[in-house]
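# Overview (structure and organization)
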Amino acid sequence: MTPQLELRDVPPRAAWALEQAGVHPLLARLFAARGVSRADELDDGLARLLPPDTMKGTPEAAQLLADTIDAGRNIVVVADYDCDGATACAVALRGLAMLGARPGTLHHVVPDRAVHGYGLTPPIVDLARVFDPALLVTVDNGIAGHAGIDHAHALGIQVLVTDHHLPAVNAEGRPDLPAADVIVDPSQPGCAFESKAIAGVGVMFYVLLALRAELRRRGRFDAASQPRLDALLDLVALGTVADVVKLDANNRRLVSQGLRRIRAGRMQPGVAALFAAAGRDPQRAGSTDFGFALGPRLNAAGRLADMSIGIACLLCDDPAQAAELARTLDAINRERRDVEAGMREQAALLLESLMPAGTPPPAIVLHDEAFHEGVVGIVAGRLKERLHRPTFVFALGGDGLLKGSGRSIPNFHLRDALDRVSKLHPTLLRRFGGHAMAAGCTIAPQDFDAFAQALQDIAREELDEATLQRRLATDGPLELRWFEADTVSLLEAQVWGQAFDAPVFVDEVEVVKQRLIGGDKHLKLSVRHAGQLRDAVWFHHAEPVPERVRLAYRLALDTWQGQSRVQMMVEAAEPL
């Protein structure tokens, strides 16, 4: 679907104030268009992080962890099988060891997607029992783990939930929290923490900050001798970007601090190994490296194999062993790409029957017997981007039920839509959960058509024609003086991501030449822009463009034989 190009509004007073404060003129315009009005909002110092005690449950979590550590009893971290869960697990285990947990008392378990499903379930509790835990600590899960928590309590095991997902809602419409000993989740009722978009790895990092403060109060160390938890920020940054959470000011600080350490060579051996396996230079690390290089390699383990491999890589202190684990993750990711390619081809065939006239329905729901459970979320995301429709893709799980992963568009809260489905059809959804833009659910195979119809009915009711029109927010023309390599470096040094999008510029150009490259999958252009010839590439686009167009593009450097030049990376084109 061709997007409609929209110009971001740039509040002139905000842009002027930022420039007067010393912000680069181009960045001042870009930041003002993204809601930044004061230079201090760009301060990424650790002192500017939101205080841990404003996150509900952190003082109680700190006391519970400190008591367990003091008693020398075992702690088992219950992880999730995505990048956020893996980094949160590594942060928890590394941080607890730094803060005094005795050797041999820290362990972890991670569900197998196909065997255990998601979250803290009774089988996962039983898996953790082999370590004789006094305390289970969930990371990036647990807010919906009612049965698992009850099972743990029946066995005499305490449970600390650290999560960032929305809690379930009961029949009266009120949040239904599990009976954990302590819950730390900014989405729970009564939590005053301002950054509701923090990732699971960020929540665990904040719990460690609170634990360090509690141990200071107990006299374990003073402010001068306390462990430096900022050494974990490379992992926090990776998990935050890979989980595609909104990059509000607090999340940008966490990511910026992590990137700063990586560029200086201060990172976990496993993170360094992942950069090497992906062929990326850590000295020029940017948030796109997390989202498109390191994150997918970790996520591939949870999708097709066992996330224990990814966690082992992040916990490894031996560079050679970390490199071997990173190469294994890279191989799994290549396999994931092959599986995804086959699923996308099959999805394209299924779509022909859904949209014979070429117009997609208000929501897309697909299932095929050959679909892989671990890749449905990626395919749903690709289809959502292509068709600009809320999309669910289902695969058959090992338990005989259909496991679906969904991705949404702005103004359609996917998790709330599932909640409406559950209320309108009480027996339809076996399990569900998630966020506004991403959610998952489990249904019986015979209920697939009923679910598809229910979701489409809700989408038809909530989405009007204007909302279903894909839009691309742009930053307008790029002044000719900024079309240079230094500008690319300047932009790459910033933290961009979800809800703080990387700049997309728009200029009128004349297309001089165009040809297909990369197996006829991508369009290579030579365009005349402001009287000068520029190179442009439009990935995953094979249709020719008119001679004169408004080109929406990002800036990148094309390096060949030691020579670099600025290149336009095309996002969209409008005929003039």
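Shown above is the structure to which this text applies.
The structure reproduced in this document is the subject of the present report. (Residues numbered from 1 in each chain as written. Predicted model: local features only at pLDDT ≥ 70, side-chain atom pairs only at ≥ 80, totals over all residues. Heavy atoms only, no water.)

## A short note on the pairing of strand S19 (residues 563–575)
Alignment of strand S17 (residues 532–538) against S19, held across 3 bridges, turns out to be parallel. Across the sheet, residue aspartate 535 finds its bridge partner in S19, namely glutamine 567. Both strand S18 (residues 548–560) and S19 contribute to a ladder of 12 bridges, which runs antiparallel. From the neighbouring strand, alanine 556 faces S19, where its bridge partner is glutamine 567. Counted along the chain from S18 to the antiparallel partner S19, the turn is 2 residues long, and its residue glutamine 561 has a positive phi close to 55 degrees. (Pairing = 2+ DSSP bridges. Helix = DSSP H or I, 4+ residues; strand = E, 2+ residues; numbered from the N terminus.)

## Here we look at helix H4 (residues 83–98)
Counted at 1.5 Å a residue, the expected span for H4 with its 16 residues is 22 Å, and the 22 Å between its end C-alpha atoms agrees. Just downstream of H4 lies glycine 100, where phi reads positive at about 110 degrees. (Expected span 1.5 Å × (residues − 1).)

## Re the pattern of salt bridges
Taken as a whole, this structure holds 34 salt bridges when the rule is applied. Close ionic contact of glutamate 324 with arginine 327 constitutes a salt bridge, the shortest N to O distance being 2.8 Å. Taken as a pair, glutamate 324 and arginine 327 lie in helix H13 (residues 319–354) at a separation of 3 residues, close to a single helical turn. On the basis of relative accessible area, arginine 327 is assigned to the partly exposed category, the value being 47%. Of the charged contacts in the structure, one is a salt bridge between arginine 420 and glutamate 462, with a shortest N-O distance of 3.0 Å. Of this pair, arginine 420 sits in helix H15 (residues 414–424) while glutamate 462 sits in helix H16 (residues 448–462), and the two are 42 residues apart along the sequence. Looking at arginine 420, the relative accessible area reads 28%, which means it is partly exposed. Each of Asp67, Asp70, Glu214, Arg217, Arg218 and Arg220 takes part in salt bridges that share partners, so that together they form one network. (Salt bridge = Lys/Arg side-chain N within 4 Å of Asp/Glu carboxyl O. Buried < 20%, exposed > 50% of the residue type's maximum accessible area, 1.4 Å probe, protein only.)

## Some thoughts on the sheet that holds strand S5 (residues 158–162)
Overall, parallel pairing links the 5 strands, which are arranged S3-S2-S4-S5-S8 in an open sheet. Looking at strand neighbours, the two that pair on one side only are strand S3 (106–109) and strand S8 (182–184), the edges of this open sheet. Sheet twist, expressed as the mean angle between neighbouring strand axes with direction ignored, is 20 degrees. Across 4 bridges, the pairing between strand S2 (residues 75–78) and strand S4 (residues 135–139) is parallel. Within S4, the position partnered with isoleucine 75 by the bridge is leucine 135. The strands that helix H7 (residues 200–217) touches are S4, S5 and S8; relative to S5, the one it contacts most, it runs at about 120 degrees. (Axes fitted to C-alpha atoms, helices over the stretch in contact; angles between N-to-C directions. Contact = heavy atoms within 4.5 Å.)

Note that every value here comes from positions in space, so none of it alone points to a role or purpose.
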